[in-house]
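Single-letter residue listing:
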Amino acid sequence: MNELQATKWRKTRAMGKGKYVMYFGILAWGMSLAVLFTALEWLTQQTVTESWIYIRIIVLGVVGFMIANFRWEAREKKLQQFLQPKKSPIKAKI
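Anyway, here's the lowdown on the structure attached to this text. (Residues numbered from 1 in each chain as written. Predicted model: local features only at pLDDT ≥ 70, side-chain atom pairs only at ≥ 80, totals over all residues. Heavy atoms only, no water.)

## So, the side chain of Thr-38
Next up, step 1: Relative to the assigned elements, Thr-38 resides in helix α2 (residues 17–45).
Next up, step 2: At 3.2 Å, the side chain of Thr-38 and the side chain of Arg-56 are in polar contact.
Next up, step 3: Excluding residues that lie within four positions of it along the chain, Thr-38 makes contacts with Val-48, Ile-53 and Arg-56. (Helix = DSSP H or I, 4+ residues; strand = E, 2+ residues; numbered from the N terminus. Polar contact = N/O pair within 3.5 Å; in protein donor to acceptor, adjacent residues only side chain to side chain. Contact = heavy atoms within 4.5 Å.)

Structure (structure tokens):
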């Protein structure tokens, strides 16, 4: 992580983990994939099964939640590593 990425992440993390997971995980990933798979069903079968829409929303919402949660944790870890002071190698004198 560099300074630009750290600054961008600080702004994003200000919204909080809950909102981040909701917006970037459940809405962005989950609902987008549910719409995409429903569109693919329509294009290939010229019909949409209503029960599959609900199943997609639930399953892909959970997948989106997990993706966003893992991304949050990974970026937090990278930020903490970035913020730690750099350790310089100390040469031992014999």
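Following the structure, the description resumes.
## Notes on the nonpolar core
Next up, step 1: One finds Ala-6, Trp-9, Tyr-20, Val-21, Ala-68, Trp-72 and Leu-79 forming the largest nonpolar core, which totals 7 residues.
Next up, step 2: Those elements giving two or more residues to this core turn out to be α1 (3–13), α2 and α3 (50–83).
Next up, step 3: At 3 residues, α3 tops the list of elements feeding residues into this core.
Next up, step 4: Among residues more than four places away in sequence, those in contact with Leu-79 are Met-1, Ala-6, Trp-9, Arg-10 and Arg-13. (Core = buried A, V, L, I, M, F, W, Y, C linked by side-chain atoms within 4.5 Å. Buried < 20%, exposed > 50% of the residue type's maximum accessible area, 1.4 Å probe, protein only.)

## Re the packing of α1 against α3
Next up, step 1: With their axes 11 Å apart at the nearest point, α1 and α3 run at an angle of 130° to one another. Taken together, the axis directions place α1 and α3 in an arrangement best described as oblique. Every pair of crossing elements has a handedness; the one defined by α1 and α3 is left-handed. Side by side, α1 and α3 meet where Glu-3, Ala-6, Trp-9, Arg-10 and Arg-13 of the first sit next to Trp-72, Arg-75, Glu-76, Leu-79, Phe-82 and Leu-83 of the second.
Next up, step 2: When its residues are assigned to classes, the contact of α1 with α3 shows 6 nonpolar, no polar and 5 charged. (Axes fitted to C-alpha atoms, helices over the stretch in contact; angles between N-to-C directions. Parallel < 35°, antiparallel > 145°, perpendicular 65-115°, else oblique. Left-handed = near helix turned anticlockwise from the far one by under 90°. Nonpolar A, V, L, I, M, F, W, Y, C, P; charged D, E, K, R; others polar.)

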